[in-house]
Amino acid sequence: MSSRREFITLLGGAAAAWPLAARAQQGAPVVGFFNSGSAAEWVHLVASRPTSNVTGINIFADVLTPKRQELLHELVPTASFVAMLVNPTAAQTQSELRAVQPAADRLGQQVRIFGASIDRELDTAFATIVDQRIGGLLVQPDPFFTSRRDQLVLLTTRHAIPTVFAFREFVTAGGLMSYGTSLRAAYRQLGVYAARILKGEKPADLPVQQATAFETVVNLRAARALGVTIPTGILLRADEVIE
């Protein structure tokens, strides 16, 4: 490829991938998702401007976790304990967990943390969640879990664990509920930036945008399979209900 404008990488990964991708592309434009919870990658991104070859969309994946906690509490209000599945190696995990405890205290619902960054740990985490009779589950928005969407939906269904995910794509695959950034809308935003770079604009001149579309999605088929009744309040607020 002869033109620098042709080297555009669309990233759908965690914030930790940004500086690595920028170095790997050796000056090529990089357009991708940015996760606001990782301060280190934010500093890298901002400090490198105006010469940075990186730009994209802040999808707020992790900072919306307290809202997902509220939805899970509304879904299983009598559960004394719920769980959160996280990737302990992800850059945003510690900042995300710092927001979990205040929300748990406010809701009066304890959250037990389970870590998994490889498949074997994922199986172990679910075995422990089932053994401890955990009342509900939150799944961290992380590429490790997103790439195992079907596996996670299968596990939560098999073990009848009411689960709130971060993205609609888990719910269309058979998961119970999600709340988070609309990836469809975010990808459209990325596409606009990619097109502008292909036309000659520099990534450094394109500020990191904020995602603007957020959605609550409910799967009533999954609810029936789990024996869960979705509260009317959630159904009224939902942007999409899968019958």
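Here, the structure is the one placed above.
These remarks concern the structure in this document. (Residues numbered from 1 in each chain as written. Predicted model: local features only at pLDDT ≥ 70, side-chain atom pairs only at ≥ 80, totals over all residues. Heavy atoms only, no water.)

Here's the deal with the environment of valine 217
What counts is decided by this rule: In DSSP terms, a helix is any run of H or I states spanning at least four residues, a strand is any run of E spanning at least two, and both are numbered starting from the N terminus. Only protein chains enter the calculation, and the probe is 1.4 Å; a residue is then buried if its accessible area is under 20% of its type maximum, exposed if over 50%, and partly exposed in between. Contacts are residue-level and defined by heavy atoms, with any inter-residue pair within 4.5 Å sufficient.
You can see valine 217 is positioned in strand S10 (residues 214-219). You can call valine 217 buried: its relative accessible area is 0%. Setting aside residues up to four positions removed in sequence, valine 217 forms contacts with Arg168, Val171, Leu176, Met177, Ser178, Glu240 and Ile242.

Comments concerning the packing of helix H3 (residues 65-75) against helix H4 (residues 93-107)
For clarity, the cut-off: Axis lines are fitted through C-alpha atoms, for helices just across the contact stretch, and the angle between N-to-C directions can take any value from 0 to 180 degrees. Should the near helix be turned anticlockwise from the far one by less than a right angle, the crossing is termed left-handed; should it be turned clockwise, right-handed. Only Asp, Glu, Lys and Arg are considered charged in this grouping, and only Ala, Val, Leu, Ile, Met, Phe, Trp, Tyr, Cys and Pro are considered nonpolar; every other residue, Gly among them, is considered polar.
Here H3 crosses H4 at 35°, and the two axes come no closer than 9 Å. As for the relative orientation of H3 and H4, their crossing is right-handed in sense. In this structure, H3 contributes Thr65, Pro66, Gln69, Glu70 and His73 to the contact, and H4 contributes Glu96, Ala99, Val100, Ala103, Ala104, Arg106 and Leu107. Each residue belonging to the contact of H3 with H4 can be placed in one class, and the counts come to 6 nonpolar, 3 polar and 3 charged.

Looking at the packing of aromatic side chains
The test is simple: Two aromatic rings, drawn from Phe, Tyr or Trp (for Trp, its six-membered ring), form a pair once their centres lie within 6.5 Å of each other, and the interplanar angle then sorts them: stacked below 30 degrees, edge-to-face above 60, tilted otherwise. Whether a charge sits over a ring comes down to the Lys NZ or Arg CZ being within 6 Å of the ring centre and within 35 degrees of the ring normal.
Summed over the entire model, instances satisfying the criterion amount to 2 aromatic pairs. Between phenylalanine 165 and phenylalanine 170, the ring centres sit 4.6 Å apart and the planes meet at 5°, which makes this aromatic pair stacked. Stacked on the ring of tyrosine 179, the Lys or Arg lysine 67 has its end atom at 6.0 Å from the ring centre.

Some words on the pattern of salt bridges
We count it as follows: By convention in these notes, a salt bridge is any Lys or Arg side-chain nitrogen within 4 Å of a carboxyl oxygen on Asp or Glu.
All told, the structure shown has 7 salt bridges when counted by the stated rule. The closest approach of N and O atoms between arginine 106 and glutamate 70, which form a salt bridge, is 3.0 Å. Here glutamate 70 lies in helix H3 and arginine 106 lies in helix H4, a separation of 36 residues in the sequence. Residue class for glutamate 70 comes out partly exposed when judged on its relative accessible area of 31%. Here glutamate 74 makes a salt bridge to arginine 237, at a shortest N to O gap of 2.7 Å. Of the two residues, glutamate 74 is situated in helix H3 and arginine 237 in helix H11 (residues 232-237); the sequence distance between them amounts to 163 residues.

Remarks on the pairing of strand S3 (residues 54-58)
In regular strands, side chains alternate between the two faces of the sheet. Test applied: At least two DSSP bridges between two strands are needed for those strands to be called paired.
Among the 5 residues that make up S3, 5 are buried, leaving the element largely enclosed by the rest of the structure. Summarising the sheet, strand S2 (residues 30-34) and S3 pair through 5 bridges and their orientation is parallel. Across the sheet, the residue bridging to valine 31 is threonine 55, located in S3. In the sheet, S3 pairs with strand S9 (residues 209-210) via 2 bridges, with the strands oriented parallel.

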